[in-house]
Structure formats: C-alpha cells, structure tokens
Amino acid sequence: SASGGKKEILGMQYANAETPTVDINGESYKVELVMADNGSSTDKAPTAASQLVSEGVALVLGSYGSGVSIAAADTFAEAQIPAIGVSCTNASVTDGHDWYFRICFLDPFQGTVLANFAAENFQAKTAYSLAKLGDDYSVGLCNYFNEAFEALGGTVIYETFPEGNSDFTSYLTTAANNGADVFFAPVSTEAAALIINQAAGQGWDKPILAGDTWDSNVITAAATGTDVQVYVTTFFHEGDTSEKGSAFVTGFKEWLNANPNMLTNNGGNDMVAAVSAMGYDAYFTALEAIKNAGSTDPADVMAALWDTTYEGVCGNIVFDDVNGDAIRDVAFVKQVNNETGDWDFIAIQGIN
C-alpha cells in the first residue's frame, strides 16, 4: 500500500507547507509532522504507533489502510492520544475504539453505492467479487457489496486470494465462466495493476469496479491503452470546480512540480489522488481541534474533536456523536479514460 500511503501523506505535507503554524490562545506555534512507517503490515502497525507515542505527538493522522489502523488503535488508546483516520473506511476502525475518529465515508455505505451502481448502470444480475484473504479492507468491502447486491436480487460469486498471489487469470476465468456482468475487486493498487493487465490479456470486456484504493495513477497507467473498463468510488475529483477544490488542485500541483522528491512520491506525475485531498483536510481538521482545545495536550484535543467541524475540499467534516465518524452520504464515481489516462467524472452517488 506504499503508493496510496505516500499520496495521503503528501496532502498533509502540502497543508503543512501552506500553513506551518497554529494559534493557541493568542500564541503562534510551529506544527511539526512526525512520521512512522508501518510497512502496510498489521504486525508492524503497533510498533509504528508506539514510535509516534514516544515522540510525544498531540494527535495522529492515518493510517492509510484499515487493517493497520485497526491494529494500531489499542496503542493509541492506551497512550490516550487521539487519531483521525483519513481514508481507512472499514467500520471497525472506530467501532469500539474510542480514541479513533475518521473523516471519510465507511464501507457499509461505499459497498452499497457500488452495488447500486452496478445494478443501475450496467443492469448487472451476476457479480464476481474478489478479496485478499485476511485483509480487513477488501474482505469487509466485498461483504458489504455482496450483501447489497444480493438484496437487489443479484447473484454473487465470491472468492479470496492468498498473500503474495500475482496470477489472477484463474479468477478472471471463473468470473467469465459464471457469466459475471461485473468484476468487483477492492484490493491494493499492486494487485489491481496485475488484474487490469491480465484482464486485458484475456479480453475481459465487462466493467471492473473497485473502491477508493483504486483512485490512483497506478490504476490509470495500467488501464491506459487497453479496453478494460475501470470504475471506482472515491472522495474527491481533480476536476472539482468549487473555489476551494480548484484552489487546492492548482496549489498542490504547483507544489508537487517544484519538489522532485514529492513528485516521485506521487507516482511521477501531478495527478491529484483523492487521498491527497483527504490528507489535506485531515491536517486542517487537526489544527481546528487544537485551536478549539486551546492546548496540545492529547486529552484536551480528544475532548475538543467531538465538536470540531471543518469545511474541507472534500466536503464539510462533522463527527457523529456515536463513533466519531464523519457524517458523509455521497461518493464520487470515476472511470479511467483509456485513451488519455485521466479519470473521467461519472456521477456523485448516494443511497436512496
């Protein structure tokens, strides 16, 4: 998950470069970003979390990836340091984890949106659903998609693949043999690129659907020049014409292009991933919480978070009073343009 994690942090780094201070009770303080790398591993996540605790952080942003966020939650709770999930959409990130908040939509919503989209836009009756065995995000999102699709009267063929798998041809063959109208695979970008390449090689001609992890230039690069139709749900669209959204996109691109290392971390071009916009919003939400707390003491920040709001580039952020999840009821749907390698905006989708 390195590609997505780097892009999410880029949004925070840009926000910090844009606004490197925070005012607390009339005094201005420098904001320092302290980073820890969990290696996309649930085994390493508690160690990375402990590193942040030892650094004396006021609060945590992240992590990219639901499984590693869940694995780190107890460490933050024991240290009584609040965390704000940015794009970790699995419901278990905040459920039962009192010190974890979140600014993104959740997978019960995202899975239902994708199921409705498949049924309404492609008249899909049979869906093939693929997850990585043991991965909280892909297994969880597939379960929600499967449940919603079956509730609409559809049939689901569901399979999982093991860690380290790189050959997806048999899964594509199973989908084809069962007459699947759509192929749903909300997996990592690494696996996604392989699926797209192998689908192109097999002449797969049905839509491939995925969640927010596929909103990446890794995916557009894999699909460009092929006939593979890729659709994703996500948090933000680079073509946002709102004053705040367009200002973010313009500024972020200029910042990337002025920093070769940052451009490399973004995958080598200046395409704006939704997780970068979300990272940007998470940073400013954190500043609002610190200002509201009038303190950098984690307990004070935690208490202030419940009533903290922020009008971000990805929408208004307001936390519910149950789990600390942001109240969100729409998702962007985008499709890869196979000729230009860009994302084409399709719809803003909710649930009736």
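For the structure, check the block above.
Residues numbered from 1 in each chain as written. Predicted model: local features only at pLDDT ≥ 70, side-chain atom pairs only at ≥ 80, totals over all residues. Heavy atoms only, no water.

Q: Explanation requested: the packing of aromatic side chains in the structure shown.
A: When we look at a pair of aromatic rings, we describe it by the centre distance and by the angle of the planes. Applying the stated criterion across every chain, the model contains 27 aromatic pairs. Centre to centre, the rings of F101 and F319 are 5.3 Å apart; their planes meet at 70 degrees, and the pair counts as edge-to-face. Of this pair, F101 sits in strand β5 (residues 100–102) while F319 sits in the loop between β12 (315–318) and β13 (331–336), and the two are 218 residues apart along the sequence. The class of F319 is buried, set by a relative accessible area of 5%. Considering the side-chain rings of F183 and W204, the 5.8 Å spacing of their centres and the 75 degrees angle between planes classify their relative orientation as edge-to-face. Residue F183 is located in strand β8 (residues 182–184), and its partner W204 is located in the loop between α7 (189–202) and β9 (208–210); the two are separated by 21 residues in the primary sequence. For F183, a relative accessible area of 0% puts it in the buried group. According to the relative accessible area criterion, W204 is buried, its value standing at 9%. Ring pairs connect the aromatic residues Y14, F236, F248, F252, W255, Y280, Y283, F284 and Y310, which therefore count as one cluster. (Phe/Tyr/Trp six-rings, centres within 6.5 Å; stacked < 30°, edge-to-face > 60°. Helix = DSSP H or I, 4+ residues; strand = E, 2+ residues; numbered from the N terminus. Buried < 20%, exposed > 50% of the residue type's maximum accessible area, 1.4 Å probe, protein only.)

Q: Honestly, empty space enclosed by the protein in this entry has me stumped. Any pointers?
A: Over the atoms a probe the size of a water molecule is rolled, and this reveals where empty space is left. The tally for this structure, following the rule as stated, stands at 1 cavity of 30 Å³ or more. Approximately 40 Å³ is the volume attributed to the largest cavity. Residue lining of the largest cavity: S3, G4, K7, Y64, T189, D212, T213, D215, S216, A273 and V275, and that is the complete set. Of the residues assigned to the lining of the largest cavity, the class counts are 3 nonpolar, 5 polar and 3 charged. (1 Å grid on protein atoms, 1.4 Å probe; cavity = no way out; pocket = protein on both sides within 12 Å on 5 of 7 lines; lining within 4 Å. Points joined across faces, edges and corners; volume = space filled by probe spheres on them. Nonpolar A, V, L, I, M, F, W, Y, C, P; charged D, E, K, R; others polar.)

Q: Would you take a moment to explain the side chain of N266 for this structure?
A: Examined against the element boundaries, N266 turns out to sit in the loop between α10 (260–265) and α11 (274–293). With a relative accessible area of 0%, N266 lands in the buried category. Among the polar contacts listed, one links the side chain of N266 to the backbone oxygen of M271, at a separation of 2.9 Å. With near-sequence residues (within four places) excluded, N266 lies in contact with K7, L10, N217, L256, M271 and S276. (Polar contact = N/O pair within 3.5 Å; in protein donor to acceptor, adjacent residues only side chain to side chain. Contact = heavy atoms within 4.5 Å.)

Q: What is the right way to read the pattern of salt bridges from this model?
A: As a working rule, side chains carrying opposite charge can pair if their charged atoms are close by. Going through the model one piece at a time under the given rule, you end up with 6 salt bridges. E288 is the partner of K291 in a salt bridge, and the nearest nitrogen-oxygen pair spans 2.9 Å. Taken as a pair, K291 and E288 lie in helix α11 at a separation of 3 residues, close to a single helical turn. Here K291 falls in the partly exposed class, since its relative accessible area comes to 39%. Owing to a relative accessible area of 23%, E288 belongs among the partly exposed residues under this scheme. Bridged by salt links that share partners, the residues E238, K253 and D270 form one connected network. (Salt bridge = Lys/Arg side-chain N within 4 Å of Asp/Glu carboxyl O.)

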